[in-house]
Amino acid sequence: MIHFTCDMCGKDLSSKESQRFIVKITAYAGHDCDHIGEADLDEDHMETVAELIRRGETQDHTEDPGRFKGFRYDLCCSCHRRFLEDPLNRDPLRLLNFSKN
Ligand SMILES: [Zn+2]
């Protein structure tokens, strides 16, 4: 049997009653903006720019796997809710309020 615990608070998620949420985060380099100049943003070139961006994104995945990183977390119900409210944990004041509870 696979044992699951919440990756944020450590709560045991193996029992049938506990709801488990999976969060997947993918980080990879965006398209290099140096390749897109003022002229490329002209309406006539929008299709080309879109193609450049499409190619840029697939290149980052295939040619440079070091810049591509995926994360997978198991979260309990309350941590999942907290994650959705502030995925990047950018609000330290909110965290202070949580710890007072
Ligand atoms: Zn949790």
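Residues numbered from 1 in each chain as written. Predicted model: local features only at pLDDT ≥ 70, side-chain atom pairs only at ≥ 80, totals over all residues.

Student: Requested: an account of the overall build of the protein chain, with residues and values cited.
Tutor: In terms of regular secondary structure, the protein chain is built from 3 helices and 2 strands. Written out in order from the N terminus, the α and β elements of the protein chain read β-α-β-α-α. Scored against the burial criterion, the 101 residues of the protein chain give a buried share of 3%. (Helix = DSSP H or I, 4+ residues; strand = E, 2+ residues; numbered from the N terminus. Buried ≥ 20, exposed ≤ 12 C-beta atoms within 10 Å, placed from the backbone.)

Student: Tell me about the pairing of strand 1 (residues 21-27), and name the residues and values.
Tutor: Residues in a regular strand project their side chains so that they alternate between the two faces of the sheet. Counted residue by residue, strand 1 has 0 buried out of 7 residues, so it is predominantly exposed. Here 7 bridges tie strand 1 to strand 2 (residues 69-75), and the two strands are oriented antiparallel to one another. In the strand pairing of strand 2, Lys24 is matched with Arg72. (Pairing = 2+ DSSP bridges.)

Student: Any chance you could break down the environment of Phe83 for me, citing the residues and the numbers?
Tutor: Mapped onto the fold, Phe83 is located in helix 2 (residues 77-85). Exposure remark for Phe83: the 17 C-beta atoms within 10 Å place this residue in the partly exposed category. Measuring from C-alpha to C-alpha, the distance between Phe83 and Met8 comes to 9.4 Å, with 75 residues separating the pair along the chain. When sequence neighbours within four positions are dropped, the list of residues in contact with Phe83 reads Val23 and Leu75. (Contact = placed C-beta atoms within 7 Å.)

Student: Quick rundown of unusual backbone geometry? Include the residues and the values.
Tutor: The phi dihedral of Asn89 is positive, around 55 degrees, even though this residue is not glycine. Residue Asn89 is classed as exposed on the basis of its C-beta count, with 10 C-beta atoms lying within 10 Å.

Student: Would you mind going over the environment of Phe4 in detail, with residue names and values included?
Tutor: Considering the arrangement of structural elements, one finds Phe4 in the segment before strand 1. Judged by C-beta crowding, with 17 C-beta atoms within 10 Å, Phe4 ranks as partly exposed. Those residues in contact with Phe4, other than ones at most four positions away along the chain, are Leu13, Ser14, Arg20 and Asp74.

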